[in-house]
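Examination of the molecular architecture
Spelled out from the first residue to the last, the chains are:
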Number of protein chains: 2
Amino acid sequence: MSVSLNYSAIRVLQGLWLSAPHCHGVPGPVWTLGRLNHVAIAVPDLEKATALYRDVLGAQVSDTVPLPEHGVYTVFVELGNTKLELLHPLGEKSPIAGFLQKNKSGGMHHICIEVDDINSAIVDLKARNIRTLSAEPRIGAHGKPVMFLHPKDCDGVLVELEQA
Amino acid sequence: MSVSLNYSAIRVLQGLWLSAPHCHGVPGPVWTLGRLNHVAIAVPDLEKATALYRDVLGAQVSDTVPLPEHGVYTVFVELGNTKLELLHPLGEKSPIAGFLQKNKSGGMHHICIEVDDINSAIVDLKARNIRTLSAEPRIGAHGKPVMFLHPKDCDGVLVELEQA
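Residues numbered from 1 in each chain as written. Chains lettered and ligands numbered in written order. Predicted model: local features only at pLDDT ≥ 70, side-chain atom pairs only at ≥ 80, totals over all residues. Heavy atoms only, no water.

Short version of the rule: UniProt positions are given in the numbering used here, feature names are shortened, and annotations may be inferred rather than shown by experiment.
In the annotation of an unreviewed UniProt entry, chain A is listed under the name Methylmalonyl-CoA epimerase, mitochondrial and assigned to Denticeps clupeoides. Quoted straight from UniProt, the Sequence similarities (unreviewed entry) entry for chain A says "Belongs to the methylmalonyl-CoA epimerase family."

Structure, rendered in C-alpha cells:
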C-alpha cells in the first residue's frame with residue numbers, strides 16, 4: 001500500500017513528532033512563516049520619497065539610517081501593521097545600484113517575511129530546491145539573521161526571510 | 001510677516017479646524033493613511049505560486065477567485081498582519097498581461113494601503129499633483145472603492161488606495 005501525503009500534511013506530522021515526549025528518529029526541520037516585516041522600495045531620490053510618505057500621504061517615517069555594510073541608506077515608513085523600507089544606494093558597490101539603473105523611477109525591490117527559526121527554514125527550503133542568494137544567513141537591518149531566496153524560485157519576487 | 005508651514009503641520013491644523021465646534025470656513029480635506037492591506041504579485045503560473053506559499057512556505061491560502069471585471073484570478077496568502085495577493089491574467093484584456101510579458105517569471109505588481117476616506121484622499125492628492133490612473137474610484141477585489149496612484153509620482157511603485 002502506498003500512502004501519498006502532501007507537504008502540508010508532512011509539516012503537521014513533523015510537528016507531532018517533535019512535540020512527542022522522548023521522540024526518537026530524525027524528523028525534518030519544522031519552522032513557521034510569520035508576518036510580513038516590510039516591503040522594500042528602491043528609490044532614486046530618498047528625500048523626495050520620504051517627503052511623499054511623510055508630507056503627502058501623512059505616514060510616520062524614521063530618520064535616514066545609513067547601513068554601510070549593506071550598501072544602502074534606509075528610511076522606514078510606518079503603516080501600523082507593517083512597514084515600507086525605502087532604500088537608496090550607499091557606496092560604489094551598492095546591491096541596489098543595478099536595480100535602479102534598470103528602474104530609473106524606482107520600484108518594489110523585495111518583501112521580507114519573518115520566520116520563527118531561520119536555520120530550520122533554510123535547511124528545509126534547500127531540500128525543497130528553493131535556492132538562496134548566499135550559503136549562510138547574514139545580519140540584516142534589524143540586527144537579526146536574514147536570508148534572501150532566489151527570485152527565480154519565488155515567482156520573480158526577491159523574498160527575504162528574517163528571524164523573528 | 002509670512003508664515004511657512006510644512007504639509008504635516010497643515011494636516012494637523014486641518015484636523016484641529018474640523019474637530020472644533022461650530023467650525024466655519026472651508027478647511028481642506030482631512031484623511032488618514034491606514035494599514036498595508038496587501039502586496040500584489042503577478043504570477044505566470046497560479047497553481048505553482050499557490051503551492052510555493054501553501055506547501056513550501058506553509059502559509060494559509062484562499063481558494064482561487066476569478067474577478068472577470070478586473071481581468072484577474074486572485075489567490076490571497078495570509079501572513080497574519082497582512083496578505084499577499086497572487087494575480088494571474090483572466091481574459092484577453094487583463095491589465096497584468098503586459099506586466100507579465102515584461103516580467104516572464106512574475107514580480108511585485110502593486111501595494112495596497114488603506115485610507116479612512118478615499119474621496120478626501122483623492123481630492124487632496126490631486127491638489128498635491130499626484131496623478132491617479134482613473135478619474136473616479138472603482139470597486140476593488142474586496143467590494144470597496146479603490147484608486148490607483150500613478151507610479152511615476154510614487155517612486156516607480158503602483159500604489160492602490162482602498163477605502164478601509
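**What about the overall build of chain A?**
Put simply, the rule reads: Under the DSSP-based scheme used, a helix requires at least four consecutive residues in state H or I and a strand at least two consecutive residues in state E, with every element numbered from the N terminus. Residue burial is assigned from relative accessible area. The probe radius is 1.4 Å, only protein chains are included, and a residue is buried under 20% of its type maximum, exposed over 50%, and partly exposed in between. Any two residues having at least one pair of non-hydrogen atoms within 4.5 Å are treated as being in contact.
When its secondary structure is counted, chain A shows 4 helices and 9 strands. Burial status across chain A gives 46% buried among its 164 residues. Contacts in chain A between residues at least 24 apart in sequence constitute 53% of all its contacts with a sequence separation of at least 6.

**Let's talk about the interface of chain B and chain A**
Going by this rule: Take the accessible area each of two parts loses on contact, using a 1.4 Å probe, and add the two losses: that sum is the buried area. Any pair of N or O atoms that falls within 3.5 Å is considered a polar contact. Within protein, one atom must be able to donate a hydrogen and the other to accept it, and sequence-neighbouring residues count only if both atoms are side-chain atoms. When residues are grouped by polarity, Ala, Val, Leu, Ile, Met, Phe, Trp, Tyr, Cys and Pro land in nonpolar, Asp, Glu, Lys and Arg in charged, and all others, Gly among them, in polar.
Listed by partner, the interface residues are 43 residues for chain B and 43 residues for chain A. Between chain B and chain A lies a buried interface of about 3600 Å² when both sides are counted; carbon and sulfur atoms form 66% of it. Summed over the shared surface of chain B and chain A, the number is 7 residue pairs in polar contact (both at pLDDT 80 or more). Of all the elements in the fold, those that place two or more residues in the side of chain B that touches chain A are helix 1 (7-19), strand 1 (33-42), helix 2 (46-56) and strand 6 (107-115) of chain B. Counting residues per element, the side of chain B that touches chain A draws most heavily on strand 1 of chain B, at 7 residues. Across the side of chain B that touches chain A, the residue classes tally to 24 nonpolar, 11 polar and 8 charged.

**Description of the relation of the copies chain B and chain A**
This is how the line gets drawn: Superposition of the copies used a least-squares fit over C-alpha atoms from residues whose pLDDT is at least 70 in both.
When chain B is fitted to chain A, the best match, at an RMSD of 0.0 Å, comes from turning it 180° and sliding it 0.0 Å along the axis. These values place the two chain copies in the arrangement generated by a two-fold rotation axis. Within chain B, N81 of chain B has its C-alpha nearest the rotation axis, a separation of 2.9 Å. When the interface residues of chain B are mapped onto chain A, 100% of them are again interface residues, pointing to one common binding face.

**Quick word on the pairing of strand 5 (residues 83-89) of chain A**
Residue and element names in this part refer to chain A. What counts, and what does not: The pairing criterion for strands is at least two bridges between them, as found by DSSP.
Of all the 7 residues making up strand 5, 5 are buried; the element is thus mostly covered by neighbouring parts of the structure. Sheet topology places strand 1 (residues 33-42) next to strand 5; 5 bridges connect them, and they run parallel. Paired with I41 across the two strands is L86, which belongs to strand 5. Inspection of the sheet shows strand 4 (residues 72-78) paired to strand 5 by 7 bridges, in the antiparallel sense. From the neighbouring strand, V72 faces strand 5, where its bridge partner is P89.

**Notes on the pattern of salt bridges**
Using the following cut-off: Whenever Lys or Arg places a side-chain nitrogen within 4 Å of a carboxyl oxygen from Asp or Glu, that contact is recorded as a salt bridge.
Scanning the model with the defined rule gives 8 salt bridges over all chains in all. Measuring nitrogen to oxygen at the nearest pair gives 2.9 Å for the salt bridge that ties R131 of chain A to D153 of chain A. Note that R131 of chain A is positioned in the loop between helix 4 (118-127) and strand 7 (138-139) and D153 of chain A in the loop between strand 8 (145-149) and strand 9 (159-163), a separation of 22 residues in sequence. Exposure remark for D153 of chain A: the relative accessible area of 18% places this residue in the buried category. Between R35 of chain B and E114 of chain B there is a salt bridge; the shortest N-O distance is 3.1 Å. In this pair, R35 of chain B is assigned in strand 1 and E114 of chain B in strand 6, connecting sequence segments 79 residues apart. Through salt bridges with shared partners, a single ionic network connects E47, R54 and D55 of chain A.

**Some points on unusual backbone geometry**
All names here are of chain B. A positive phi angle, near 65°, is found at N129, a position not held by glycine. For N129, the location among the structural elements is in the loop between helix 4 (118-127) and strand 7 (138-139). Judged by its relative accessible area of 64%, N129 falls in the exposed class. With phi around 60°, D155 is a residue other than glycine that occupies positive phi space. Along the chain, the position of D155 falls in the loop between strand 8 (145-149) and strand 9 (159-163). Residue D155 is classed as buried on the basis of its relative accessible area, which comes to 8%.

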